[in-house]
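# Understanding the architecture of this molecule
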Amino acid sequence: MGRKNAGIKTVCENRKARHDYFIHETYEAGIALQGTEVKSLRAGRANLKDSYASIQDGELFVENLHISPYDQGNIFNHDPLRRRKLLMHKAEIVKLFAKTREKGFTIVPLKIYFKHGRAKMEIALASGKHNYDKRQDLHEKAAKREIERALKDRQRY
């Protein structure tokens, strides 16, 4: 048995997405990239902030994903904010399209990683949180931290 994360190198993660959205389902999608984009990703120079995915003409695209230009690139360097195609099975795209037609659902990128040498993106079907939901999550997180601290102090003595 191999390790669960064997061969996986995380490039960047959108931690704010889990704070701003309820995550209902997650999917793995490949990313169609140019050569200099892959080199920038391997260097860890990407930002998922404010990015989102959309479905147009039966294809899935990610918008506002910032991949910095490659330092040693020349005239063949890429546009940092260009639209990138996500690679998924047609049935999964149709399922996502049907779900996003429902009120309040959107597709949010969660993280970019390399899996066995190929760039992948974890996307999620999500719905937005209200401010009171965010506050409740913070209270629960603080309470959990207090319990952990109390148990740790108790084990010390």
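Calculation criteria
All residue numbers here refer to positions counted from 1 along the written sequence of the relevant chain. In keeping with the model being predicted, local features are shown solely for residues with a pLDDT of at least 70 and side-chain atom pairs are shown and tallied solely at 80 or more, while totals for entire chains, interfaces and linings include all residues. Only hydrogens and water are set aside when side-chain values are computed; all heavy atoms of the structure are taken into account. Each pair of aromatic rings taken from Phe, Tyr and Trp, with Trp reduced to its six-membered ring, is defined by centres within 6.5 Å and is described as stacked if the planes are under 30 degrees apart, edge-to-face if over 60, and tilted in the remaining cases. Only when the NZ atom of a Lys or the CZ atom of an Arg is both within 6 Å of the ring centre and within 35 degrees of the ring normal do we say a charge sits over the ring. A run of H or I in DSSP becomes a helix once it reaches four residues, and a run of E becomes a strand once it reaches two; helices and strands are each numbered from the N terminus. Only protein chains enter the area calculation, which uses a 1.4 Å probe; residues under 20% of their type maximum are buried, those over 50% are exposed, and those in between are partly exposed. By arc we mean the arc of the directions from the helix axis to the C-beta atoms, nothing more. Whether two residues are in contact is decided by their heavy atoms, any of which lying within 4.5 Å being enough.

What follows is about the packing of aromatic side chains. Scanning the model with the defined rule gives 0 aromatic pairs in all. The ring of F61 carries the charged tip of R83 above its face, separated from the ring centre by 4.0 Å. Its end group placed over the ring of Y113, K111 keeps NZ or CZ at 5.5 Å from the ring centre.

Attention now moves to unusual backbone geometry. A positive phi angle is found at D50, which is not glycine, with a value near 65°. In this structure, D50 sits in the loop between β3 (46–47) and β4 (52–56). A residue is classified by how much of its surface remains accessible, and D50, at 59% relative accessible area, is exposed.

Among the residues of helix α2 (residues 35–42), T36, E37, S40 and L41 are the ones counted as buried. Around the axis of α2, the buried residues are gathered within 140° of arc, so they sit on the same side. Contact partners of the buried residues in α2: β1 (8–13), β3, β6 (66–67), β7 (84–87), β8 (105–115) and β9 (118–128). Just downstream of α2, G44 is the residue with a positive phi angle, here 80°.

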